[in-house]
Amino acid sequence: MTNQIDYTIEHSPSYASLRLDLKKNETVFVESGAMAAMDSCIKMKSKVQGGLMKGIGRMLGGESLFVSEFTAEGKPGQLFVSPGVPGDIQHYYLDGNSLMVQSSGFVASSPSVTIDTKFQGVKGFFSGESLFLIKASGSGNFWFSSYGAIVEIPVDGDYVVDTGYIVAFEDTLNYNVEMMGGLSFKSLRTGILGGEGLVCRFRGQGRLWVQSRNLFPLLNFLNPFRPVKND
């Protein structure tokens, strides 16, 4: 691996944070607002990576229009990064391939990595998840986050995952959203009564990352307790 940024993932998997040990004049891109602390030699700039259109695409994928650019000017420095959701952080090194990541999963990357979005079309609409995925491509370091712990699964053939638990997958895998057990009445009844419904079927050979928790049931649980304005 070339251009490897030194890093440490701390407090994993429940409340993981990322420590980046930047070399002299080394630069890293970080999700806007995720910086927790840093040495004073590190300077920050906000920019729209890849231009306005790619920035708007990232907004549709659940990310910020801007990314923060951090550079250790003149000497090495440490940068601490904390994702917005409590969970885990995973490192992945891109070498000319692409990685598909759940909406809002981007944490940090090398400047040589391109962050874009991929429209899921009907797959995203019927899955109940975001209509967009984050697409990371190029060469360099990439870090992504989850809600809960991250489990890496090597896929060789078919593999089925509930749509709410997908974190990331390599672009060598194809996927389709489908009803658990098919579209028969029995399958629909089983899915509704059993709490399972739409799943994602992956096919091919590559790595898949899933999270140990699903954020949407938590949001549904908390929704009745949210403050409401009385007339």
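What you are looking at is a predicted structure, and each value in this text was computed from that prediction instead of being measured. (Residues numbered from 1 in each chain as written. Predicted model: local features only at pLDDT ≥ 70, side-chain atom pairs only at ≥ 80, totals over all residues. Heavy atoms only, no water.)

1. Quick word on the confidence of the model for the protein
Then step 1. Per-residue confidence for the protein gives a mean pLDDT of 82; residues scoring 70 or more make up 75%.
Then step 2. Scored below 50 in pLDDT, residues 183–195 makes ten contacts in the model with residues more than four places away or belonging to other chains. (pLDDT = per-residue confidence, 0-100. Contact = heavy atoms within 4.5 Å.)

2. Here's the deal with the environment of I134
Then step 1. Mapped onto the secondary structure, I134 falls in strand β11 (residues 132–145).
Then step 2. On the basis of relative accessible area, I134 is assigned to the buried category, the value being 1%.
Then step 3. Residues I134 and V101, spaced 33 residues apart in sequence, show a C-alpha to C-alpha distance of 5.0 Å. (Helix = DSSP H or I, 4+ residues; strand = E, 2+ residues; numbered from the N terminus. Buried < 20%, exposed > 50% of the residue type's maximum accessible area, 1.4 Å probe, protein only.)

3. Some points on the pattern of salt bridges
Should the charged atoms of two oppositely charged side chains come close, the side chains can pair.
Then step 1. The final tally for this structure, using the stated rule, is nine salt bridges.
Then step 2. Among the ionic pairs, R207 bridges to E152, the shortest N-O distance being 3.6 Å. Here the residue R207 occupies a position in strand β15 (residues 198–211), and E152 occupies one in strand β12 (residues 150–162), the gap between them amounting to 55 residues.
Then step 3. Here R207 falls in the partly exposed class, since its relative accessible area comes to 31%.
Then step 4. For E152, a relative accessible area of 39% puts it in the partly exposed group.
Then step 5. E170 is the salt-bridge partner of R207, the closest N and O atoms lying 3.3 Å from each other. Highlighted residues: R207 in strand β15 and E170 in strand β13 (residues 166–170), separated in sequence by 37 residues.
Then step 6. On the basis of relative accessibility, which here comes to 11%, the residue E170 falls in the buried class.
Then step 7. Three or more residues joined by partner-sharing salt bridges are found here, namely D158, E178, R201 and R203. (Salt bridge = Lys/Arg side-chain N within 4 Å of Asp/Glu carboxyl O.)

4. Some thoughts on the sheet that holds strand β1 (residues 6–10)
Then step 1. Overall, antiparallel pairing links the four strands, which are arranged β1-β2-β7-β4 in an open sheet. Single-partner strands in this sheet number two, and they are β1 and β4 (35–38). Pairwise comparison of adjacent strand axes, ignoring direction, gives a mean angle of 20° for this sheet.
Then step 2. Relative to strand β7 (residues 77–81), β4 is paired through three bridges, and the arrangement is antiparallel. When the sheet's bridge partners are listed, M38 is paired in β7 with L79. (Pairing = 2+ DSSP bridges. Axes fitted to C-alpha atoms, helices over the stretch in contact; angles between N-to-C directions.)

5. Comments concerning a nonpolar patch on the surface
Then step 1. Together, M35, M38 and M44 line one region of the surface with nonpolar side chains, adding up to about 250 Å² of accessible area.
Then step 2. As for its position among the elements, M38 is in strand β4. (Patch = residues over 30% accessible without salt bridge, like charges linked within 9 Å, V, L, I, M, F, W, Y side chains within 5 Å. Areas by Shrake-Rupley, 256 points an atom, 1.4 Å probe, with all protein chains shown as cover.)

6. Comments concerning the packing of aromatic side chains
Then step 1. Inspection of the entire model under this criterion finds eight aromatic pairs.
Then step 2. Taken together, a centroid distance of 5.5 Å and an interplanar angle of 75° make the contact between Y7 and W143 edge-to-face. With Y7 in strand β1 and W143 in strand β11, the pair connects residues that are 136 residues apart, well separated along the chain.
Then step 3. Through a chain of ring-to-ring contacts, three or more aromatic side chains come together here, namely Y92, F106, F142, F144 and W209. (Phe/Tyr/Trp six-rings, centres within 6.5 Å; stacked < 30°, edge-to-face > 60°.)

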